[in-house]
Amino acid sequence: MNKEVKYKIDEREPRRPFSVPEGYFENLTQNIMAALPEQEPLYSTSIVVTPWMRIRPYLYSAAAFAGIFFCIKAAVGISSTNNQAGMAQTQETTIYSDEYIDSFLETAMIDDCTLYYTLVESN
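Let us look at the structure shown here. For clarity, every value in this text was computed on a predicted model and none was experimentally measured. Within each chain, residues carry numbers counting from 1 in the order of the written sequence. Local features in this predicted model are restricted to residues of pLDDT 70 or higher, and side-chain atom pairs are both shown and tallied only at a pLDDT of 80 or more, whereas totals for entire chains, interfaces and linings draw on every residue. To obtain the side-chain values, all non-hydrogen atoms of the structure were used and water was disregarded.

So, about the overall build of the protein. Secondary structure elements are taken from DSSP: a helix is a run of H or I of four residues or more, a strand is a run of E of two residues or more, and numbering for both begins at the N terminus. When helices and strands are counted, the protein shows four helices and zero strands. Traced from its N-terminal end to its C-terminal end, the protein shows the element sequence α-α-α-α. Methods summary: accessible areas were calculated by the Shrake-Rupley approach with a probe of 1.4 Å, and residue burial reflects only the protein chains presented. As presented, the protein carries roughly 13,100 Å² of accessible surface, and 61% of it is formed by carbon and sulfur atoms.

This is the structure:
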């Protein structure tokens, strides 16, 4: 029994065991809606607007602007204290006269290299 059966998809007729009644999809929505019982909607579509709901966006925006203001104020305050410290240092260095500095450097026993290095490090 050497029987070879070759199936070719193109030559065979497609099998469709199920069929759809005529006009089934055209009237499907009406049939489903007719089968459902009539009920009142569970949720109302109207929204009650309370005073809190009206004020909330303005309150949130005011809080955001206040936060931004305080962050900027803190940043400016930090830089102004740094400027004041820098001004204090410059005022302290301007108190001494040139003659006093010259006499101090002559008696301090500091060579030029160390002096230049100290001046560069201070700036």
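Working definition: rings of Phe, Tyr and Trp (its six-membered ring) pair if their centres are within 6.5 Å, and the pair is stacked with planes under 30 degrees apart, edge-to-face with planes over 60 apart, and tilted otherwise. Considering all chains together, one arrives at two aromatic pairs under this definition. Seen from their ring centres, Y24 and F25 are 5.3 Å apart, and the 80° between their planes marks the pair as edge-to-face. According to the relative accessible area criterion, F25 is exposed, its value standing at 61%. With a centroid separation of 5.5 Å and 65° between ring planes, the pair formed by F69 and F70 is classed as edge-to-face. Relative accessibility thresholds used throughout: buried, under 20% of the residue-type maximum; exposed, over 50%; partly exposed, between the two (1.4 Å probe, protein chains only).

A separate point is a nonpolar patch on the surface. Two joining distances apply to patches: 9 Å for like charges and 5 Å for nonpolar side chains (Val, Leu, Ile, Met, Phe, Trp, Tyr), and every residue must have over 30% relative accessible area and no salt bridge. Any carboxyl oxygen of Asp or Glu within 4 Å of a side-chain nitrogen of Lys or Arg constitutes a salt bridge here. A contiguous nonpolar patch, built from I47, V49, W52, M53, I55, L59 and Y60 and spanning about 730 Å² of accessible area, is present on the exposed surface. Within the secondary structure, W52 is located in helix 2 (residues 51-94).

A separate point is a negative patch on the surface. In this tally, Lys and Arg are treated as positive and Asp and Glu as negative; His is ignored, and so are the chain termini. A charged residue contributes its charge at one atom only: NZ of Lys, CZ of Arg, CG of Asp or CD of Glu. Together, D98, E99, D102 and E106 make up a negatively charged patch on the protein surface. Residue position: E106 is located in helix 3 (residues 98-107). E106 gets classed as exposed once you look at its relative accessible area, which sits at 68%.

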